[in-house]
Amino acid sequence: CRLTRPTRECVNAATGTLTIVATPIGNPDDISARALQALGSADWIVCEEMREGERLLRRHGIKGLLVDLNEHNEKERTAELTEELRQGKTLALISDAGTPLFYDPGQLLVTAAYELGAKVTTVPGPSSLMAALVLSNLPIKQFRVVGMLPANHEARRQALRALQNEPLTVVLLDAPYRLQAVLADLVEVVGADRPLAIACNLTMPGEQVVRGRAAEVLERFRRLPFKGEYVIVVAGATSA
């Protein structure tokens, strides 16, 4: 869909507001009252994928107007949404799950909102990164978020070599079907004895956190394969 272009009557309206809204990462009951209020009062709810956005609104009885912004249309859609802000409209930015902008589209829109002089605010909430960190029982006063590892085997191993002597706890992400491959590389490159934790299906009924030495954790997932969503938390070199 395309957004309605600005009309003559609203060109001089005050600049609008962009609210970055965190939504549940798994358990639908984790949405906050402020998040529901922000979604219910927005002129446009900007989502990553329409299907996920519609599911969220339907569950909570919200009749808001949805528009998608993703890697396929981000540049064009950002221009359209910037015009909506220029008219004084209120936008709520959500991702498919969790806190937006962590490896999700939307950064161009936030940048454009700041450049326009619009109000940019957030409704904080669920984050798989923070949930995994607090469940890991590893030192988290300081930590490093590395995020998604390269899909290519050798490139991934090279990225892990750079972490061999990292003193801080490290957070890694990867695709559901690559967990065993990533763990095997961690064992070989970072070390079989490095403590780590794998947080699986966070906030869901089947949530589990597997902790231990890298080799032990790898063996556990070889015996009991897992292909859902997960976050890997690896102890720093000094902690190990």
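Whatever comes next refers back to the structure up there.
This text gives an overview of the structure that appears in the document. The structure displayed is predicted, hence computed values, not measured ones.

### Some points on the environment of T169
Here comes step 1: Within the fold, T169 resides in strand β7 (residues 169-173).
Here comes step 2: Among residues more than four places away in sequence, those in contact with T169 are L133, L138, P139, Q142, F143, R144, V233, V234, A235 and G236.

### Thoughts on the nonpolar core
Here comes step 1: Of all hydrophobic cores here, the largest spans 24 residues; its most connected members are L172, L183, L186, I198, F221 and I232.
Here comes step 2: Those elements giving two or more residues to this core turn out to be β7, α7 (179-189), β8 (195-200), α8 (214-223) and β10 (230-234).
Here comes step 3: The dominant element in this core, judged by the number of residues it contributes, is α7, at 6 residues.

### What to know about the sheet that holds strand β4 (residues 90-93)
Here comes step 1: Strands sit in the order β3-β2-β4-β1-β5 across an open sheet of 5 strands; the sheet is parallel. Either end of the sheet is taken by a strand with one partner, and the two such strands are β3 (66-68) and β5 (119-123). Put simply, the sheet's adjacent strands are angled 25° from each other on average, direction ignored.
Here comes step 2: Helix α2 (residues 50-59) rests against β2 (44-47) and β3 of the sheet, and its axis sits at about 155° to β3.

### Looking at the sheet that holds β8
Here comes step 1: The strand order across the open sheet built from 5 strands is β6-β7-β10-β8-β9, with neighbouring strands paired in mixed fashion. Among the strands making up the open sheet, the edge pair consists of β6 (143-148) and β9 (208-213). Along the sheet, successive strands turn relative to each other by an average axial angle of 15°, direction set aside.
Here comes step 2: Here 6 bridges tie β8 to β9, and the two strands are oriented antiparallel to one another.

### Considerations on the packing of aromatic side chains
Here comes step 1: Overall, the coordinates contain 0 aromatic pairs when judged by the stated rule.
Here comes step 2: R220 extends its terminal NZ or CZ atom over the ring of F221, reaching a point 5.1 Å from the ring centre.

### What to know about the pattern of salt bridges
Here comes step 1: If you walk through the whole model with that rule in mind, you get 13 salt bridges.
Here comes step 2: The salt bridge partner of R156 is D185, with a shortest N-O separation of 2.8 Å. Remark: D185 occurs in helix α7 and R156 occurs in helix α6 (residues 153-161); sequence separation between them is 29 residues.
Here comes step 3: On the basis of relative accessibility, which here comes to 4%, the residue R156 falls in the buried class.
Here comes step 4: Relative accessible area serves as the criterion here: at 4%, D185 is assigned to the buried category.
Here comes step 5: With a closest N to O distance of 3.6 Å, R157 and D185 form a salt bridge. Of this pair, R157 sits in helix α6 while D185 sits in helix α7, placing them 28 residues apart in sequence. Taken as a pair, R157 and D185 share a single burial class, namely buried.

Reading guide: rules and limits
Residues numbered from 1 in each chain as written. Predicted model: local features only at pLDDT ≥ 70, side-chain atom pairs only at ≥ 80, totals over all residues. Heavy atoms only, no water. Helix = DSSP H or I, 4+ residues; strand = E, 2+ residues; numbered from the N terminus. Contact = heavy atoms within 4.5 Å. Core = buried A, V, L, I, M, F, W, Y, C linked by side-chain atoms within 4.5 Å. Buried < 20%, exposed > 50% of the residue type's maximum accessible area, 1.4 Å probe, protein only. Pairing = 2+ DSSP bridges. Axes fitted to C-alpha atoms, helices over the stretch in contact; angles between N-to-C directions. Phe/Tyr/Trp six-rings, centres within 6.5 Å; stacked < 30°, edge-to-face > 60°. Lys NZ or Arg CZ within 6 Å of the ring centre and 35° of its normal. Salt bridge = Lys/Arg side-chain N within 4 Å of Asp/Glu carboxyl O.

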